[in-house]
Protein chains: 2
Amino acid sequence: MTETPAARQLAAAAVDLFYRQGAKATTVREITQACGLTAGSLYNHFVSKEELLYTVVRDMHLGLEREVERAQSAAPDPTGQLIAIVRVYVDQHARHRKSSRVANVEYTLLNAERRAEIVDIRRRLRDRLTSVLLAGQATGAFDLGGDAFDGADRSTATLVATAILDMCVHVSAWFHEGRPLSTAELQERYVLLALRMAGS
Amino acid sequence: MTETPAARQLAAAAVDLFYRQGAKATTVREITQACGLTAGSLYNHFVSKEELLYTVVRDMHLGLEREVERAQSAAPDPTGQLIAIVRVYVDQHARHRKSSRVANVEYTLLNAERRAEIVDIRRRLRDRLTSVLLAGQATGAFDLGGDAFDGADRSTATLVATAILDMCVHVSAWFHEGRPLSTAELQERYVLLALRMAGS
DNA sequence: CGACTGAATGAACGCTTGTTTACCTGCGCG
DNA sequence: CGCGCAGGTAAACAAGCGTTCATTCAGTCG
């Protein structure tokens, strides 16, 4: 129920307002007014305000997952995959700062079914990094610092994965291009931090 | 305008609801109903709903700052101070999960003046860790991994401080005592991660 | 040309919101 | 003992909310 230019413009205006005020604090009238329309017009393009929020949140999560898959599959070993995943996360959350922030903060306001779908994508993304960390630990490329004699501790790997992703995701809360870092510089610094966290 | 038991009870109910639904999505009637009161009663204890949110957010931030100061001043050197700060952050965000999450997410909804006050506390907290990292780099205890020949790069230290705090703050989004980690175990794991990030 | 369609409109809907008001009540204290 | 008052109530308030609706209008196509 999307894909027309008008729908895209409404979604873009919504992202901007959601980012600045929060989704619940943003009214349908504000969104449509930003596009030079009146309130009722929104319902020619979205069945409800919640569906509009849903498409924004879902598109961002699916886009992120797609980029992560692409980058990871091009990397040869766990170290390269960790680097690739961190680069994609930082890039997405820095370059699409507003939609990323909205997606990460406001998805909790979706109804149970839709929220479950988003939570599932987020779990898949985290599990993907967890597996990379475990693979690297198995080859000796990483040292996750769990209890020494417990070779492949998945809960330790999950914890490190969570910490790495939390750090990357939060970039969307404060980053501004070129103040004082470029996106590329930020990527390289965060790659270094992630490698250190993994004990590389 | 706070400090009576009734005001505290209202604040506690508000934290719980804000945590689950967001502050803007929570109504005055829901908050008072949770305390067995009617809507009007809230105004015997708070001048507005926004002031209630403000006291919740401010109390959490001031409490965190107080604990950080206390822990840091008891530590002898930069390494000990970094460990102390991370322990406090993890402890507070794990043990007071709901109020921490509300404070970190919903402070953006406050009016300009109050938001500026909160942003200031957050900046002070981050600057404190930045200084610890710089001190540790000066003594050779840390290696922050900035450009090698630029001995005391404050922007690099700020970036590492931001990454460490973001990781700790986000604990409030997912932690549940004993699943599978206790607060104490989580503290030690995050201390290890932070030390690695600082190049200790 | 004339029928059809997608999209915008403005008015209205019913409901909920935060807040105010006028009134009531029970407890502590001079 | 009776008075004051902190703290409760129900009811009302205007404003604002998301959403619906009948209608209009501009293109498109056979």
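The residue numbers shown here count from 1 along each chain, following its written sequence. Whichever chain is written first is A, and whichever ligand is written first is 1; the rest continue in order. Residues qualify for local features only when their pLDDT is at least 70, as the model is predicted, and side-chain atom pairs are given and counted only at 80 or more; totals for whole chains, interfaces and linings, by contrast, use all residues. Each side-chain value is worked out from all heavy atoms of the structure, with water and hydrogens disregarded.

Trainee: Mind showing me how you'd approach the protein's contact with DNA strand C here?
Mentor: Whether a residue is near a molecule or strand is decided by its heavy atoms; if any one of them lies within 4 Å of it, the residue is near. Thr38(A), His45(A), Thr27(B), Tyr43(B) and Lys49(B) are the nearest of the 16 residues found near DNA strand C. Counting only the atoms of DNA strand C that lie within 4 Å of the protein, the sugar and phosphate share comes to 65%. Pairs of N or O atoms within 3.5 Å make up the polar contacts considered here, provided that, within protein, one atom can donate a hydrogen while the other can accept it, and that residues adjacent in sequence are counted only when both atoms are side-chain atoms. In the environment of DNA strand C, a base nitrogen lies 3.0 Å from a nitrogen or oxygen atom belonging to the side chain of Asn44(A). Separating a base nitrogen of DNA strand C from a side-chain N or O atom of Arg29(B) is a distance of 2.9 Å. Each residue gets one of three labels, nonpolar for Ala, Val, Leu, Ile, Met, Phe, Trp, Tyr, Cys and Pro, charged for Asp, Glu, Lys and Arg, and polar for the others, Gly among them. Grouping the constituent residues of the surface near DNA strand C by class yields three nonpolar, 10 polar and three charged.

Trainee: Quick question: what am I supposed to make of the relation of the copies chain B and chain A here?
Mentor: What relates the pair of chain copies is a rotation about an axis plus a shift along that axis. Superposition of chain B onto chain A requires a rotation of 180° combined with a translation of 0.0 Å along the rotation axis, giving an RMSD of 0.0 Å. As the rotation angle and translation indicate, the two copies are arranged about a two-fold axis. Contacts between residues were defined by any pair of non-hydrogen atoms, one from each residue, lying within 4.5 Å. Comparing interface residues between copies, 100% of those in chain B also lie at the interface in chain A; the contact surface is shared. Copy-to-copy superposition: least squares on the C-alpha atoms, limited to residues that have pLDDT of at least 70 in both copies.

Trainee: Is there a simple way to think about the interface of chain B and chain A in this case?
Mentor: Accessible area lost upon the coming together of the parts is a frequently used measure of interface size. With 32 residues of chain B at the interface, the matching set in chain A holds 32 residues. When two components associate, each loses some accessible surface as probed by a 1.4 Å sphere; the sum of these losses over both components is called the buried area. Taken together, the two surfaces of chain B and chain A that pack against each other cover about 2500 Å², and 63% of this comes from carbon and sulfur. Salt bridges, as used here, are contacts in which a Lys or Arg side-chain nitrogen is within 4 Å of a carboxyl oxygen on Asp or Glu. Across the contact surface, chain B and chain A share two salt bridges. The salt bridge partner of Asp143(A) is Arg196(B), with a shortest N-O separation of 3.8 Å. There are four residue pairs in polar contact (both at pLDDT 80 or more) connecting chain B and chain A.

Trainee: Explain the protein's contact with DNA strand D here, please?
Mentor: Neighbouring DNA strand D are 15 residues, the closest being Thr27(A), Tyr43(A), Lys49(A), Thr38(B) and His45(B). Counted by atom, the contact set of DNA strand D within 4 Å of the protein is 67% sugar and phosphate. Thr26(A) places a main-chain nitrogen or oxygen 3.4 Å from a phosphate oxygen of DNA strand D. At 3.0 Å, a side-chain N or O of Arg29(A) approaches a base nitrogen of DNA strand D.

Trainee: Would you take a moment to explain the side chain of Glu65(B) for this structure?
Mentor: Residues and elements named next belong to chain B. Along the chain, the position of Glu65 falls in helix α3 (residues 49–73). In this scheme, a residue with accessible area under 20% of its type's maximum is buried, one over 50% is exposed, and one in between is partly exposed, where area comes from a 1.4 Å probe on protein chains only. We classify Glu65 as buried; its relative accessible area is 8%. Apart from residues lying up to four places away in sequence, Glu65 is in contact with Ile121, Arg124 and Leu125. Counting from the N terminus, the helices are DSSP H or I runs at least four residues long and the strands are E runs at least two residues long.

Trainee: Explain the side chain of Glu67(A) here, please?
Mentor: Within the secondary structure, Glu67(A) is located in helix α3 (residues 49–73). Here Glu67(A) is in contact with Val88(A) and Gln92(A), once residues within four sequence places are set aside.

Trainee: In this structure, what is going on with the environment of Thr32(B)? I would like to understand it.
Mentor: All names here are of chain B. With respect to the element layout, Thr32 can be found in helix α2 (residues 28–33). Sequence separation of Thr32 and Ser100 is 68 residues, and the distance between their C-alpha atoms is 21 Å. Ignoring anything within four residues of it in the chain, the contact list for Thr32 reads Leu10, Leu37, Thr38, Ala39 and Leu42.

Trainee: For this particular structure, what's the right way to read helix α7 (residues 154–169) of chain B?
Mentor: In an α-helix there are 3.6 residues to a turn, and that puts residues three or four apart on one side. With 16 residues, α7(B) should reach 22 Å at 1.5 Å per residue; the first-to-last C-alpha distance of 22 Å fits that figure. Of the residues flanking the start of α7(B), the one acting as N-cap is Asp153(B), its side-chain oxygen 3.0 Å from the backbone nitrogen of Ser155(B). To estimate the expected span of a helix, subtract one from its residue number and multiply by 1.5 Å.

Trainee: Help me out: how do you make sense of the pattern of salt bridges in this one?
Mentor: Opposite charge on two side chains makes pairing possible when the charged atoms of those side chains draw close. Counted by the stated rule, this structure contains 30 salt bridges over all chains. As a salt-bridge pair, Arg128(B) and Glu69(B) come within 3.4 Å of each other at their nearest N and O atoms. With Arg128(B) in helix α6 (residues 112–139) and Glu69(B) in helix α3, this pair connects stretches of sequence that are 59 residues apart. Here Arg128(B) falls in the partly exposed class, since its relative accessible area comes to 25%. The class for Glu69(B) is partly exposed, based on a relative accessible area of 37%. A salt bridge links Arg123(B) to Asp127(B); the shortest N-O distance between them is 3.1 Å. Taken together, the residues Arg123(B) and Asp127(B), both in helix α6 and four residues apart, mark about one turn of the helix. For Asp127(B), a relative accessible area of 22% corresponds to the partly exposed category. Several salt bridges share partner residues, and in doing so they unite Glu65(A), Asp120(A), Arg123(A), Arg124(A), Arg126(A) and Asp127(A) into one network.

Trainee: Would you mind going over empty space enclosed by the protein with me for this structure?
Mentor: Any empty space left between the atoms is revealed when a probe the size of a water molecule rolls over them. Cavity means a closed set of points on a 1 Å grid over the protein atoms alone, one where a 1.4 Å probe fits but cannot get out, pocket means an open set with protein on both sides within 12 Å along at least 5 of 7 lines, and lining means a residue has an atom within 4 Å of a point. Grid points are joined across faces, edges and corners, and a volume is the space filled by probe spheres set on the points. In total, this model carries one cavity of 30 Å³ or more according to the counting rule given. In this model, the largest cavity occupies a volume close to 50 Å³. In terms of lining residues, the largest cavity is bounded by Arg189(A), Leu192(A), Leu193(A), Leu144(B), Gly145(B), Thr156(B), Leu159(B) and Val160(B). When its residues are assigned to classes, the lining of the largest cavity shows five nonpolar, two polar and one charged.

Trainee: Got a minute to help me understand the packing of helix α4 (residues 78–95) of chain A against helix α5 (residues 97–106) of chain A in this structure?
Mentor: Axes are the key here: two packed helices are described by the angle between their axes and the distance separating the axes. Residues and elements named next belong to chain A. Direction vectors running N to C along α4 and α5 enclose 105°, while the axes themselves pass 5 Å from each other. Our classification of the angle between α4 and α5 gives roughly perpendicular. Residues Gln92, His93, Ala94 and Arg95 of α4 pack against Arg97, Ser100 and Asn104 of α5. Looking at the contact of α4 with α5 residue by residue, the class counts come to one nonpolar, four polar and two charged. Lines are fitted to the C-alpha atoms to define the axes, a helix being fitted only along its stretch in contact, and any angle between axes, read from their N-to-C directions, falls within 0 to 180 degrees. Here the angle decides the label: under 35 degrees means roughly parallel, over 145 means roughly antiparallel, 65 to 115 means roughly perpendicular, and every other value means oblique.

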